[in-house]
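The lines below spell out each chain.
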Amino acid sequence: MQRKRNINHITCDVVIIGAGAAGLMCAIEAGKRGRSVIVLERNFKVGKKIRISGGGRCNFTNIHSGPENFISNNPHFCKSALSRYTPSDICGLLDKHDIAYHEKKLGQLFCNKSAQDVIDMLVEECEEAGAEICLGSNIVKIVKGHVFCIDTEKERILSENLVVASGGLSVPTIGATGLGYELARQFGLKITETRPGLSGVTFTKSDLDVFGELSGISVLAIVKLGKDSFKENILFTHRGLSGPAILQISSYWKRGDRLEIDLLPDVNIIEVFESELKNKVEMKNVVARYMPKRLADRLFDGYVVNKPMNRYFGRSFEDAAKKLHRWLVKPRDLEGYGKAEVTVGGVDTVELSSKTMEVKKEKGLYFIGEVVDVTGHLGGHNFQWAWASGYVAGQCM
Ligand SMILES: Cc1cc2nc3c(=O)[nH]c(=O)nc-3n(C[C@H](O)[C@H](O)[C@H](O)COP(=O)(O)OP(=O)(O)OC[C@H]3O[C@@H](n4cnc5c(N)ncnc54)[C@H](O)[C@@H]3O)c2cc1C
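Residues numbered from 1 in each chain as written. Predicted model: local features only at pLDDT ≥ 70, side-chain atom pairs only at ≥ 80, totals over all residues. Heavy atoms only, no water.

Asker: Would you mind going over the pattern of salt bridges in detail, with residue names and values included?
Answerer: The tally for this structure, following the rule as stated, stands at 21 salt bridges. E232 is the salt-bridge partner of K105, the closest N and O atoms lying 3.3 Å from each other. Note that K105 is positioned in the loop between β6 (101-103) and β7 (108-111) and E232 in strand β15 (residues 228-236), a separation of 127 residues in sequence. Accessibility expressed as a relative area gives 37% for K105, which makes it partly exposed. Among the salt bridges present, the one from K205 reaches D209, with a minimum N-O distance of 2.9 Å. You can see K205 and its partner D209 sitting in helix α7 (residues 205-211), four residues apart, about one turn around the helix. Residue classification places K205 among the exposed residues on the basis of a relative accessible area of 60%. (Salt bridge = Lys/Arg side-chain N within 4 Å of Asp/Glu carboxyl O. Helix = DSSP H or I, 4+ residues; strand = E, 2+ residues; numbered from the N terminus. Buried < 20%, exposed > 50% of the residue type's maximum accessible area, 1.4 Å probe, protein only.)

Asker: Residue-level account of the sheet that holds strand β19 (residues 333-334), with values.
Answerer: With antiparallel pairing, seven strands are arranged side by side in an open sheet as β18-β17-β14-β15-β16-β13-β19. Looking at which strands have only one partner, the edges of the open sheet turn out to be β18 (327-329) and β19. Of the strand pairs in this sheet, strand β13 (residues 201-202) and strand β16 (residues 240-242) are connected by two bridges, and their pairing is antiparallel. Note on β16: the bridge partner recorded for T202 is G240. Along the sheet, helix α12 (residues 318-325) makes contact with β17 (259-262) and β18, crossing β17 at roughly 110 degrees. (Pairing = 2+ DSSP bridges. Contact = heavy atoms within 4.5 Å. Axes fitted to C-alpha atoms, helices over the stretch in contact; angles between N-to-C directions.)

Asker: Can you break down the sheet that holds β7 residue by residue, with the values?
Answerer: Pairing within the open sheet is antiparallel, and its three strands lie in the order β4-β7-β6. Across the chains shown, the open sheet's two edge strands, defined by having one partner strand only, are β4 (59-62) and β6. Strand-to-strand twist of the sheet, defined as the mean angle between neighbouring strand axes without regard to direction, takes the value 30 degrees. Note that β4 and β7 share three bridges and pair antiparallel. By the bridge assignment for β7, T61 is matched with L109. Against the sheet, helix α4 (residues 87-96) engages β4, β6 and β7, with an angle of about 140 degrees to β4.

Asker: Provide a residue-level description of the domain arrangement of the chain, including the pertinent values.
Answerer: Parsing the chain into structural domains produces domain 1 (4-194 + 343-396) and domain 2 (201-334). Look at where the C-alpha atoms of domain 1 and domain 2 centre, and you get two points 40 Å apart. Counting residues at the interface gives six residues for domain 1 and seven residues for domain 2. When domain 1 packs against domain 2, the two sides together hide about 620 Å² of surface, and 59% of this comes from carbon and sulfur. Viewed at the interface, domain 2 and domain 1 are joined by one salt bridge. (Domains from an automatic or database assignment. Buried area = accessible area lost by both parts, 1.4 Å probe.)

Here it is in structure tokens:
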């Protein structure tokens, strides 16, 4: 590595801002190709988000990950990088380090032991590749002359290439900052609107009065918003709804949108009602065969009319069936960046080369990972994007 220390400054080939998944992958690849690399990380530990991911076991990829699992103003942008660094590539890296993993469900791969294994692997690979990680680095100023001049509180670094891998805005308590977006603005780049994604939603006051007590109940459901829908569990919380299906749809939700929730996705409740029409059993007790009784009770107290089945005339039970298959919820808001797993939106992909992540109008400047307007679905896709975008950038500078 040809990093040079001078009395006044350090020179290197590549400075990467952020020692998260994308930044470390980029450092490894650029370092392996003989580039002198310095990674500047504001925290005193690397990969803090990796550490808390997947409930501490890091859902590091998804074997089915493809462009359809990503949200972006340009849905084609992610294709090139994803095809050059695939889920089997990251699995190969874990295999090389003897890190055991398993598929939990729906192609989601988790470490058997701990997310720390992935962090240790990345740090070890950085060391092997000669990439230096500087922890506790606070960036004060960045300007571009004939090269990038990066001033931290401790030193000045001159570098031909600058990679912004500072992530999104979610979970500021573990280091998220808006630096990536500030730099994009400084260099005159467009940013698509940013908002929390993979987040719980909160109920309005009236829904909270009815459903707030159900906190802890989880049921399989289909949650739909426009043409997008997800069939997974929803979880009632003391503030609203969460669980995988809600987290997924939240990335598409905008204030004022109404969610349609099928609470009985695997049951044709009309047929069930028809078969019970001669009986005295109350409708809510019929429904309680297919969902937790507390939920059925609440739905029939506040939302659906309950009476014995033999008191429904004609097809008057259809209204109840419709409400159960199409529960309409207009959330008050998202839980916000404090709890969201990702930031939707970011540096507009029109500004970047899809093959290298380099800014088209600013040679040597790159944006990778979550700071870019490419957001994955829940289930390992966000890390896959971080690995793939970091890899392609590291391959070219
Ligand atoms: C609770 C939680 C669980 C998650 N679980 C999963 C999961 O299991 N699977 C999955 O695919 N995705 C998961 N995600 C999303 C995933 O963690 C992110 O999409 C991914 O980490 C993005 O990688 P990145 O390298 O772009 O950004 P980050 O991992 O956020 O890394 C950015 C780095 O830049 C540093 N930084 C920020 N600002 C500055 C600055 N001013 N100066 C210097 N350094 C700075 C940060 O400290 C951080 O270390 C989860 C997210 C959360 C919050």
